[in-house]
Each structure stands twice: as structure tokens, then as C-alpha cells.
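Below, each chain spelled out in residue letters.
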Amino acid sequence: MQKTIILFLFLVATTFNFGCNKDDDDNGGTNNSGCTLVPMRFTNTSDNPYNLFIDGTFKKQMSGNTEIVYELEKGVHTAKAEQVSGYVFYPTIVNKNFTLSSCQEQGWIFP
């Protein structure tokens with residue numbers, strides 16, 4: 001009887017050990033390797049607001065010390081951050097070219 005209980009506990013423990021992997025997901029465990037959209041985080045570290053342009057298109061006026069995430073297609077992109085206020089003579093304008101090739105979130109911190 002004791003051997004039967006030990007065998008039963010061993011089988012239960014083995015079953016739980018070989019169950020689903022924590023990294024498995026609904027796409028067969030590929031961890032989004034087939035993704036087409038990539039999260040890109042834009043972070044404004046200035047106290048001043050900046051206009052954010054992605055691929056030449058105005059996206060948002062970002063208040064100071066804020067961040068936002070956009071889902072962008074894989075490939076080459078351009079971004080521009082242009083200071084709206086808080087400058088003395090001329091606004092700070094920062095340009096960035098970046099390539100999104102993996103599915104992991106990437107980011108750009110400006111100014």
C-alpha cells in the first residue's frame with residue numbers, strides 16, 4: 001500500500017513538472033517571433049513639452065517628463081522631437097533614425 005501511494009505521488013509530481021512551460025503562449029510557443037508590430041517607447045525627459053513626429057507624421061504633443069508607446073511595423077523609421085515652449089532663442093529639435101527588427105520593445109529618450 002505504501003509503495004502504491006509513493007508511486008502515485010511520483011506520477012502526480014512528474015505530471016506537473018512536464019506540464020505547460022511558463023514561456024509557452026497561444027502561438028505555439030514561438031514567443032511572437034512572427035510579429036509585425038513592435039512596441040516603441042518615446043520618453044521626453046525635459047520639463048518642457050515636445051511635438052513628436054514619426055515618419056514625418058505628427059503624432060502627439062508630449063508634456064514634460066512623460067512617455068508613450070506606439071506599435072510600429074518592423075523596418076526603418078524616422079522620429080523627430082521638436083520643443084514647443086521653454087526655450088530662449090530657438091527650440092531644440094532632435095532627429096532619430098531607427099530600425100525595428102525584433103519583437104522586443106525598443107525606446108528613444110529625448111532631448
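The paragraphs below set out a description of the structure included in this document.

1. Examining the nonpolar core
Phase 1: Ranked by size, the top nonpolar core spans 16 residues in total, and within it Met 40, Phe 42, Leu 52, Leu 72, Phe 98, Trp 108 and Phe 110 carry the most contacts.
Phase 2: Those elements giving two or more residues to this core turn out to be strand S1 (37-44), strand S2 (50-54), strand S4 (66-73), strand S5 (75-83), strand S6 (93-100) and strand S7 (106-110).
Phase 3: What Trp 108 contacts, discounting residues up to four positions off in sequence, is Met 40, Arg 41, Phe 42, Thr 43, Leu 52, Ala 79, Lys 80, Ala 81, Val 94, Asn 95 and Lys 96.

2. Here we look at unusual backbone geometry
Phase 1: That bond from Phe 110 to Pro 111 is cis: its omega, 5 degrees, falls within 30 degrees of zero.
Phase 2: For Pro 111, the location among the structural elements is in the segment after S7.
Phase 3: Even without being glycine, Asp 55 reaches a positive phi, approximately 55 degrees.
Phase 4: You can see Asp 55 is positioned in the loop between S2 and strand S3 (57-62).
Phase 5: Positive phi values are uncommon outside glycine, yet Asn 65 reaches one of about 55 degrees.

3. Looking at the state of the cysteines
The term disulfide refers to a covalent linkage connecting the sulfur atoms of a pair of cysteines.
Phase 1: In total, this model carries one disulfide according to the counting rule given.
Phase 2: Sulfur-sulfur distance for the disulfide between Cys 35 and Cys 103 comes to 1.8 Å. The sign of the -100 degrees torsion about the S-S bond sets the Cys 35-Cys 103 disulfide as left-handed. Taken together, the residues Cys 35 in the loop between helix H1 (2-17) and S1 and Cys 103 in the loop between S6 and S7 connect sequence positions 68 residues apart.

The rules we used
- Residues numbered from 1 in each chain as written.
- Predicted model: local features only at pLDDT ≥ 70, side-chain atom pairs only at ≥ 80, totals over all residues.
- Heavy atoms only, no water.
- Core = buried A, V, L, I, M, F, W, Y, C linked by side-chain atoms within 4.5 Å.
- Buried < 20%, exposed > 50% of the residue type's maximum accessible area, 1.4 Å probe, protein only.
- Helix = DSSP H or I, 4+ residues; strand = E, 2+ residues; numbered from the N terminus.
- Contact = heavy atoms within 4.5 Å.
- Disulfide = S-S within 2.5 Å.

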